[in-house]
Each structure stands twice: as structure tokens, then as C-alpha cells.
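Single-letter residue listing:
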Amino acid sequence: MVKKDSEKDEIWALRKILSRPNYAVISLLLQKSPRTTKELYAILEKSFTRKTLIITLRELSLDYNIIQPTHIRTDKGYGLGYRLNPKVKEIAKSIQKFSKVVENIREV
């Protein structure tokens, strides 16, 4: 029996935020936070379409509160940017650590 998308298991939210575009944004914000929207688009436009990035930022900020909108000082005043939710920062670091453990187990 095939599960439908509407049927959620225990880790459905984790799977959702670990999709390729979502994790790419999270990873960038782990390296440097906050980042402007333009900066995120400039870095990720080679890997994802603009539409995908718009949907990703909307989901991560509005639906999941993974990233939080913030004002960033620019040369021309203030711009819109995003920063990582502090609670999620620890989770993302743990996920990276767990991934390395799994890779090491695979190599044995």
C-alpha cells in the first residue's frame, strides 16, 4: 500500500525541511546569518529556479518558522533578509553531525 502525501509519519516535518532547496537555504544561513534575499538568490540561482527559491523562502519562513525575516542595513537603507531560528540552528548542526556518522558507518 502506497502512502499518500496527506498521511504523515513521525518524521514528516524533518523530511520536508531537508528537501534540497530548503536545506540549501538552511546551510547558507548556518554559514552566515542574516543574509539578504538578493544574496540568497545570487548564490542559489545556479542550482534552483527563482520560482523554487521563492516557494522555499515562503515555506521556511511562513509555514515552518525555520527562518525569520529581518531588516538588514544596506548601502541604500534597509533591505529584507532572513536569519535562522536559533532553535533550528542547533538541530541543523546535529543533522550535519548525524550525516557524518552515517557516512562513516557506510564506509565500514
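Residues numbered from 1 in each chain as written. Predicted model: local features only at pLDDT ≥ 70, side-chain atom pairs only at ≥ 80, totals over all residues. Heavy atoms only, no water.

1. Considering the pairing of strand β2 (residues 67–74)
Relative to strand β3 (residues 77–84), β2 is paired through eight bridges, and the arrangement is antiparallel. Within β3, the position partnered with Thr-70 by the bridge is Gly-81. Once β2 ends, the chain turns through two residues before running back antiparallel as β3. (Pairing = 2+ DSSP bridges. Helix = DSSP H or I, 4+ residues; strand = E, 2+ residues; numbered from the N terminus.)

2. Side note on the pairing of β3
In this structure, strand β1 (residues 35–36) lies alongside β3, joined through two bridges in antiparallel fashion. Within the sheet, the bridge partner assigned to Arg-35 lies in β3 and is Tyr-82.

3. Comments concerning unusual backbone geometry
Omega for the peptide link from Ser-33 to Pro-34 comes to 0°, which places this bond in the cis form. As for its placement among the helices and strands, Pro-34 is situated in the loop between α2 (20–31) and β1. Even without being glycine, Asn-65 reaches a positive phi, approximately 55°. Exposure remark for Asn-65: the relative accessible area of 39% places this residue in the partly exposed category. (Buried < 20%, exposed > 50% of the residue type's maximum accessible area, 1.4 Å probe, protein only.)

4. Focus: the packing of aromatic side chains
Think of a pair of aromatic rings as described by two things: how far the centres are apart, and how the planes are tilted against each other in angle. Tallying each qualifying case throughout the model produces zero aromatic pairs. When the ring centre of Trp-12 is taken as origin, the NZ or CZ atom of Lys-8, which lies over that ring, is 4.1 Å away. Over the ring of Tyr-41 we find Arg-50; its NZ or CZ atom is 4.3 Å from the centre of that ring. (Phe/Tyr/Trp six-rings, centres within 6.5 Å; stacked < 30°, edge-to-face > 60°. Lys NZ or Arg CZ within 6 Å of the ring centre and 35° of its normal.)

5. Structural notes on the sheet that holds β3
Spatially, three strands are ordered β1-β3-β2 in an open sheet, and the strand pairing comes out antiparallel. Looking at which strands have only one partner, the edges of the open sheet turn out to be β1 and β2.

6. Points about the packing of α2 against helix α4 (residues 50–63)
Look at α2 against α4: their axes get within 9 Å of each other, and the N-to-C directions meet at 70°. For the element pair α2 / α4, the angle class is roughly perpendicular. Regarding α2 and α4, the two cross each other, and that crossing is right-handed. In contact with Pro-21, Asn-22, Val-25 and Ile-26 of α2, α4 contributes Thr-52, Thr-56, Leu-57, Glu-59 and Leu-60. (Axes fitted to C-alpha atoms, helices over the stretch in contact; angles between N-to-C directions. Parallel < 35°, antiparallel > 145°, perpendicular 65-115°, else oblique. Left-handed = near helix turned anticlockwise from the far one by under 90°. Contact = heavy atoms within 4.5 Å.)

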